[in-house]
Amino acid sequence: MTQKHNMNSSLTEKELKPPPNWDRSGLPAWTYLNDELFELEKEELFRRHWQIACHTSDIPEPGCYVTFDIVGERALILRDNEGQIRAFHNLCRHRGSRVVDASKGRCQGAIVCPFHGWSYSLDGTLRGAAKSHTLPDLDQCEWGLKSVEMEIWQGFVFVRFKPGPQPSIAKVLERFSEEVSLYRSEQLLSVEPIECTPAENINWKAIRDVDNEGYHVARAHPALHDLYGQHYFDEPFVNGVSRSYAPFNESAGRMWSVRNYKKFVDQLESPYRELPRAWLYIGIFPNNVLGFYPDAVMFYQDMPFSVSTAAVRGAIYKHPDENRVMRLARYLSTRIDAMAVEEDRQLTLWSFEATRSSAYDGILLSDLEYGVKSYHNALREVIPVMKQKTEPLTGTVSQINSASQSGEVK
Ligand code: FES
Ligand SMILES: [Fe+2]
């Protein structure tokens, strides 16, 4: 790693490097297979940490909404009549139905529950119950939709279902705000609806493990290697965020898509021509990634469904004044990315399969995979039972975890 490759990092050299004689083993196999642990992950990670729900451009007009479901929680992110973005539980106060059923749509003036027809104003207050004479008087605010904690950072809408260890998302991402502001991401426009691609036979952490290191780029991702393989560098997770920086190789590129992508990026107009000729990824613990390219911005996140099923949810956004050259560049970056996603899909399946093999006795991480280690450390800090080398007896995972949190078990 040279100074050049870290010139934008806000971490010290000491924070960037693994300590001498670091423990290179990963999480033990049981942590990828245990249902009781998955229940703790749902509660401690996914309900209590910030999640990217959408970008403000996904809900451009009053009444437009996006829904976001994770680990049994259901959020509705909506733009009200004043243009303000609000987040509610997608849960009717009558009997708990979803008040909107699609992943994206537009309510005309009010939100009307599909079950018995209670209606809510776009600010979440109860407008009226169907056949209200059959019910007691209901206060509009008290019986309005319940709010979900929400914060907007550089155009991205984050939600959190329960209070947790992270401060505000602005604080979490503070050290990137200047670097990211170059991309003017508040002004981005949505291209396609947010997609959620299911992944069978996978534990969500196996997806993270592959994504948290660039050691595999040279061998597994020919196009990414051609684009930025020479200088790619993953910074470790520090305070719940990581930064991976991928300046483009100096060479023109061997592959058609890479060569032409770089050619179009070179032709971008101001202010985009001033952006670094690099791809920048920001990891937000536990499962979100923002990607900043000269031609587009994207997010993706792992959505766990069970200990062995998950999905990857995400979307790509374009710059508002996209011209032909920028569109072509974005087309090619999307294509290069799609190849890498497919290549990673296979690697994650194999990694997860391995945890079920009788021969699996853990992993040995390279210095270039210190990002994986730092991520595992962050997991262990929140859920200390993951420090256990061997699988706890059935029925004891939560108990051991609570004892470790209170310092009774090391
Ligand atoms: S559950 Fe919504 S109106 Fe009955
Ligand atoms: Fe990869």
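As shown above, the structure is provided for reference.
Computed from a predicted structure; not experimentally measured.

(A) Geometry of the coordination of the iron ion (ligand 2). Looking at the iron ion (ligand 2), the protein donor atoms are H216 (NE2), H221 (NE2), D344 (OD) and D344 (OD), and they sit 2.1 to 2.4 Å from it. Between the four donor atoms coordinating the iron ion (ligand 2), the angles at the centre fall across 58 to 148°, so the site counts as irregular. Sequence spacing of the donor residues for the iron ion (ligand 2), all on one chain, is H-x4-H-x122-D. Taken individually, H216 and H221 each receive the classification buried, so the pair is uniform in this respect.

(B) Helix α9 (residues 324-354), seen in detail. Spanning 31 residues, α9 covers 45 Å between terminal C-alpha atoms, matching the ideal 45 Å at 1.5 Å per step. Measuring from the side-chain oxygen of the N-cap residue of α9 to the backbone nitrogen of V325 gives 3.3 Å; that N-cap residue is N323.

(C) Fine view of the sheet that holds strand β5 (residues 104-106). If you walk across this open sheet you meet the four strands as β4-β3-β2-β5, and the pairing is antiparallel. Bordering the open sheet on either side are β4 (85-89) and β5, each of which pairs with just one other strand. In this sheet, adjacent strand axes meet at a mean angle of 25° when their direction is disregarded.

(D) Main features of the packing of helix α5 (residues 204-211) against helix α10 (residues 370-382). The interhelical angle for the contact between α5 and α10, taken along N-to-C directions, is 145°, at an axis separation of 9 Å. You can see that α5 and α10 cross each other, and the crossing is right-handed. The segment α5 lies against α10, with W204, K205, R208 and D209 engaging V372, Y375, H376 and L379. Each residue belonging to the contact of α5 with α10 can be placed in one class, and the counts come to four nonpolar, one polar and three charged.

What counts, and where the lines are drawn
- Residues numbered from 1 in each chain as written.
- Chains lettered and ligands numbered in written order.
- Predicted model: local features only at pLDDT ≥ 70, side-chain atom pairs only at ≥ 80, totals over all residues.
- Heavy atoms only, no water.
- Donors = N, O, S within 2.8 Å, 3.2 Å for Na, K, Ca; no water.
- Tetrahedral: all angles 85-135°; square planar, octahedral: opposite > 155°, others 65-115°.
- Buried < 20%, exposed > 50% of the residue type's maximum accessible area, 1.4 Å probe, protein only.
- Helix = DSSP H or I, 4+ residues; strand = E, 2+ residues; numbered from the N terminus.
- Expected span 1.5 Å × (residues − 1).
- Polar contact = N/O pair within 3.5 Å; in protein donor to acceptor, adjacent residues only side chain to side chain.
- Pairing = 2+ DSSP bridges.
- Axes fitted to C-alpha atoms, helices over the stretch in contact; angles between N-to-C directions.
- Left-handed = near helix turned anticlockwise from the far one by under 90°.
- Contact = heavy atoms within 4.5 Å.
- Nonpolar A, V, L, I, M, F, W, Y, C, P; charged D, E, K, R; others polar.

Function cannot be read off these values alone, since they describe shape.
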